[in-house]
Amino acid sequence: MTKAAVYQPGVCNIGPVEIRKRRMSGWLGLAIAVVFLAVAFALGWAAPWRLLVALPVFLSAQGFLQAAFHFCVGFASRGLYNFGELGSEETVYEAEFRKKDQRKALLITVLAFAIAAAVAVVAALIPVG
């Protein structure tokens, strides 16, 4: 099911151009995480240091989740939406709509944090040897 390319409070606050941008940040975070882990295991870093992979994994998860949900966390926190070109954001004036957007942003952030935490714990538990 494809979501409509119009603002829907708590459902969809970005269009195709912004979605591509979020997807690219997902790929960037994933690439950084892979390189980080490759270096960490190649150099035999201790488990606590490998937990730091959570940072790029969080970036990656946020990007991919925002692209999948067609929803920008940053826009929700600032009361904005954008279905045009980059930089052409519009304001959400209705308080009820802003609350719905903030709830969706919180959900995406919690999911990204959970993914980052899970990956970091697994990375820390893998024995280096």
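Remember, it's a predicted structure, so these values are computed and weren't measured experimentally.

Colleague: Help me understand helix 1 (residues 16-42), please; the structure alone is not making it clear to me.
Modeller: Side chains of residues three or four places apart in an α-helix project in the same direction, reflecting 3.6 residues per turn. Taking 1.5 Å of rise per residue, 27 residues should cover 39 Å, and helix 1 covers 39 Å from first to last C-alpha, within 8% of that figure. If you check which residues of helix 1 are buried, you get V17, E18, I19, R22, G26, G29, A33, F36 and A40. Those residues of helix 1 that are buried are in contact with helix 2 (47-50), helix 3 (54-69) and helix 4 (73-78). G44, located one to two residues past helix 1, shows a positive phi value of around 70 degrees.

Colleague: Honestly, the state of the cysteines in this entry has me stumped. Any pointers?
Modeller: Note: disulfide means a covalent bond formed between the sulfur atoms of two cysteine side chains. Following the criterion strictly, the structure yields zero disulfides and no others. Left without a disulfide partner, C12 is nearest to the cysteine sulfur of C72, which lies 11 Å away.

Colleague: Please explain the confidence of the model for the protein as it appears in this structure.
Modeller: Atom-level detail of predicted coordinates should not be read off regions where pLDDT is low. On average, the protein scores 94 in pLDDT, and the residues at 70 or more come to 97%. By mean pLDDT, strand 2 (residues 90-91) is the weakest element of the protein at 94, and helix 3 is the strongest at 98.

Colleague: Which parts of the structure should I look at to understand the nonpolar core?
Modeller: Within soluble globular proteins, side chains that are nonpolar tend to cluster in buried spots. Core analysis: the largest hydrophobic core is formed by nine residues, namely A33, F36, A40, V53, A54, V57, A116, A120 and A123. Elements with a minimum of two residues in this core: helix 1, helix 3 and helix 5 (95-125). Apart from residues lying up to four places away in sequence, V53 is in contact with A33, F36, L37, V119, A120 and A123. Counting eight residues, the second largest nonpolar core, distinct from the first, contains A61, F71, V73 and A112.

Colleague: What should I look at first to understand unusual backbone geometry in this one?
Modeller: Most peptide bonds adopt trans geometry, and most residues besides glycine take a negative phi value. One non-glycine residue, H70, adopts positive backbone phi at about 55 degrees. Counting through the fold element by element, H70 comes out in the loop between helix 3 and helix 4.

Colleague: What is the right way to look at the packing of aromatic side chains in this model?
Modeller: To describe a pair of aromatic rings, one takes the distance between the centres and the angle between the planes. Tallied over the entire structure, the rule returns five aromatic pairs. Seen in terms of ring centroids, W27 and F64 are 5.1 Å apart; in terms of plane orientation they differ by 90 degrees. Their pairing is edge-to-face. With W27 in helix 1 and F64 in helix 3, this pair connects stretches of sequence that are 37 residues apart. Connected via pairs of aromatic rings, a cluster forms that spans Y7, Y81, F83 and F97. A cation sits over an aromatic face here: R22 above F75, 5.3 Å from the ring centre. A cation sits over an aromatic face here: K104 above F71, 6.0 Å from the ring centre.

Colleague: Would you take a moment to explain the packing of helix 1 against helix 3 for this structure?
Modeller: Packed helices, taken two at a time, are described by their axes: the angle between them and the distance between them. The contact between helix 1 and helix 3 brings their axes to 7 Å, and the two run at 155 degrees. Judged by the angle between their axes, helix 1 and helix 3 are roughly antiparallel. Here helix 1 runs over helix 3; the crossing is left-handed. Seen from helix 1, the contacting residues are I19, R22, R23, S25, G26, W27, G29, L30, I32 and A33; seen from helix 3, they are P56, V57, L59, S60, G63, F64, Q66 and A67. Residue composition of the contact of helix 1 with helix 3, by class: ten nonpolar, six polar and two charged.

What counts as what
- Residues numbered from 1 in each chain as written.
- Predicted model: local features only at pLDDT ≥ 70, side-chain atom pairs only at ≥ 80, totals over all residues.
- Heavy atoms only, no water.
- Helix = DSSP H or I, 4+ residues; strand = E, 2+ residues; numbered from the N terminus.
- Expected span 1.5 Å × (residues − 1).
- Buried < 20%, exposed > 50% of the residue type's maximum accessible area, 1.4 Å probe, protein only.
- Contact = heavy atoms within 4.5 Å.
- Disulfide = S-S within 2.5 Å.
- pLDDT = per-residue confidence, 0-100.
- Core = buried A, V, L, I, M, F, W, Y, C linked by side-chain atoms within 4.5 Å.
- Phe/Tyr/Trp six-rings, centres within 6.5 Å; stacked < 30°, edge-to-face > 60°.
- Lys NZ or Arg CZ within 6 Å of the ring centre and 35° of its normal.
- Axes fitted to C-alpha atoms, helices over the stretch in contact; angles between N-to-C directions.
- Parallel < 35°, antiparallel > 145°, perpendicular 65-115°, else oblique.
- Left-handed = near helix turned anticlockwise from the far one by under 90°.
- Nonpolar A, V, L, I, M, F, W, Y, C, P; charged D, E, K, R; others polar.

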